[in-house]
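Structure assessment
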Amino acid sequence: IWRDRLSSNAAINYFPFLKREDILESAQYFMGVALLAAQRSRDPSTQVGACIVNEEKKIVGVGYNGMPNGCGDDTLPWRRSGDNPVETKYFYVCHAELNAIMNKNSADLKGCTIYVTLFPCNECSKLLIQAGIKNVIYLSDKYHDDEKTVASRWMLDLAGIPYHEFIQNEKRPAPSRCFRCRCFTSFHRNKCMETTKINNKYIIERREHSTYGR
Ligand SMILES: Nc1nc(=O)n([C@H]2C[C@H](O)[C@@H](COP(=O)(O)O)O2)cc1CO
């Protein structure tokens, strides 16, 4: 009962033996890393981040969209359109997925999952497929109807690589809680705890749900 109402700091005082349950989920963490990486992008219109995670849930590559190394962020154009495509960014920018693959700190990326803040384009999907990536989680799909994205989905489908939209926290089902006391600990599945203050000491009692409150 108290745990639900107390700040986590205060909860530590009351329940020092219980682990924290309301932690960042791993998927949120990995997409969070991708979002953080995107903040490094100098693209004025779209900042993209990617985070590659292996089967042991370890991060093996992070990247964001930017100009190729040594080409200078101030030299090449960042504009989206122009009379000549050579004057636009599209001929030059390295996509976040490409950079995440190139930055990998493991021998290979076989069986990995990529968390990316924008659905991969056709060129990136080729790279993901060839690198052995087995799963794509994306945040935005704002270019869903672009030819490049259509081609990208087609290749991913053919290669048997599933792609799923990242489900934001608020869209997720609420974490399972103890039905009676509303705490988050699985420890409480069948039992409730109640804190009673006796002689200025907190006594923590466990109570069977069936008898609780009767
Ligand atoms: N999956 C992707 N990863 C990326 O890193 N990008 C980059 C390329 C550009 O720098 C920017 C898109 O710019 P714009 O067309 O929205 O102004 O995002 C783009 C896509 C989608 O194709």
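Residues numbered from 1 in each chain as written. Predicted model: local features only at pLDDT ≥ 70, side-chain atom pairs only at ≥ 80, totals over all residues. Heavy atoms only, no water.

**Considerations on the packing of aromatic side chains**
Under the convention used in this document: Stacked, edge-to-face and tilted are the three classes for Phe, Tyr and Trp ring pairs, Trp counted by its six-membered ring, which pair at centre distances within 6.5 Å; planes under 30 degrees apart are stacked, over 60 edge-to-face, the rest tilted. Only protein chains enter the accessibility calculation, which uses a 1.4 Å probe; a residue whose area is less than 20% of its type maximum is buried, one above 50% is exposed, and one in between is partly exposed. In DSSP terms, a helix is any run of H or I states spanning at least four residues, a strand is any run of E spanning at least two, and both are numbered starting from the N terminus.
Considering all chains together, one arrives at 5 aromatic pairs under this definition. Summarising the aromatic geometry, the rings of Tyr29 and Phe30 are spaced 5.2 Å apart at their centres and angled 40° between planes, so their arrangement reads as tilted. On the accessibility criterion, Tyr29 (42% relative accessible area) is partly exposed. Under the relative-accessibility criterion, Phe30 is labelled buried at 3%. Between Phe119 and Tyr138, the aromatic rings sit 4.9 Å apart at their centres with planes inclined by 75°, giving edge-to-face as the arrangement. Here Tyr138 lies in strand E4 (residues 135-140) and Phe119 lies in the loop between strand E3 (113-118) and helix H5 (122-131), a separation of 19 residues in the sequence.

**What about the site of the ligand?**
For the record, the criterion: By convention in these notes, a residue is near a molecule or strand provided one of its non-hydrogen atoms lies within 4 Å of it. Two N or O atoms form a polar contact when they lie within 3.5 Å of each other; inside protein one atom must be a possible hydrogen donor and the other a possible acceptor, and for residues adjacent in sequence the pair counts only when both atoms belong to side chains. Only the protein chains shown count as cover for residues, and the accessible areas themselves come from Shrake-Rupley with a 1.4 Å probe. Under the scheme applied, nonpolar residues are Ala, Val, Leu, Ile, Met, Phe, Trp, Tyr, Cys and Pro; charged residues are Asp, Glu, Lys and Arg; polar residues are all the others, including Gly.
The environment of the ligand is formed by 18 residues, the closest being Asp43, Ser45, Thr46, Tyr90 and Tyr143. A distance of 2.5 Å separates an oxygen atom of the ligand from a polar side-chain atom of Thr46. Relative to its free-state accessible area of 510 Å², the ligand is covered by the protein chains to the extent of 93%. In terms of residue class, the shell around the ligand is built from 9 nonpolar, 4 polar and 5 charged.

**A word on the packing of H5 against helix H6 (residues 147-158)**
We count it as follows: Working convention: axes come from line fits to C-alpha atoms, limited for helices to the stretch in contact. Angles between N-to-C directions cover 0 to 180 degrees. Under this scheme an angle from 65 to 115 degrees is roughly perpendicular, one under 35 degrees roughly parallel, and one over 145 degrees roughly antiparallel; angles in between are oblique. When the near helix sits turned anticlockwise from the far one by under a right angle, the crossing is termed left-handed; a clockwise turn instead gives a right-handed crossing. Contacts are residue-level and defined by heavy atoms, with any inter-residue pair within 4.5 Å sufficient.
Contact geometry for H5 and H6: axes closest at 8 Å, N-to-C directions at 20°. Overall, the two elements H5 and H6 adopt an arrangement that is roughly parallel. The chirality of how H5 crosses H6 is right-handed. Mapping the contact onto sequence places Asn122, Ser125, Lys126 and Ile129 in H5 and Lys148, Ala151, Ser152, Met155 and Leu156 in H6.

**Quick notes on H5**
The α-helix advances 3.6 residues per turn, and as a result positions three or four apart in sequence lie on the same side. Every buried residue of H5 is accounted for by Asn122, Cys124, Ser125, Leu128 and Ala131. Positive phi shows up at Gly132, right after H5, with a value of about 90°.

**Here's the deal with the environment of Tyr143**
Structurally, Tyr143 can be placed in the loop between E4 and H6. Note on Tyr143: relative accessible area 28%, which makes it partly exposed. Measuring from C-alpha to C-alpha, the distance between Tyr143 and Ser125 comes to 14 Å, with 18 residues separating the pair along the chain. The residues touching Tyr143, leaving out its near neighbours within four places in the chain, are Thr46, Arg80, Leu118 and Thr149. Side chain to side chain, Tyr143 and Arg80 meet in a polar contact 3.3 Å long.

**Looking at the UniProt feature "domain: CMP/dCMP-type deaminase" (unreviewed entry) in the protein**
Rules: UniProt positions are given in the numbering used here, feature names are shortened, and annotations may be inferred rather than shown by experiment.
The positions UniProt marks with the feature "domain: CMP/dCMP-type deaminase" (unreviewed entry) are residues 25-163. For residues 25-163, helix accounts for 30% and strand for 17%, while the C-alpha atoms at its two ends are 19 Å apart.

**Some words on the pattern of salt bridges**
Pairs may arise between side chains of opposite charge once their charged atoms sit close together. Quick note on the threshold: The salt bridge criterion pairs a side-chain nitrogen of Lys or Arg with a carboxyl oxygen of Asp or Glu, the two atoms within 4 Å.
For the structure shown, the criterion picks out 6 salt bridges. Taking the shortest distance from any N to any O, the salt bridge between Asp73 and Arg42 comes out at 3.0 Å. In this pair, Asp73 is assigned in the loop between strand E2 (59-64) and helix H4 (96-102) and Arg42 in the loop between helix H3 (26-38) and strand E1 (49-53), connecting sequence segments 31 residues apart. Since its relative accessible area comes to 56%, Arg42 is described here as exposed. Where Lys89 meets Asp43, a salt bridge forms, and the shortest distance between an N and an O atom there is 2.8 Å. You can see Lys89 sitting in the loop between E2 and H4 and its partner Asp43 sitting in the loop between H3 and E1, a full 46 residues away along the chain.

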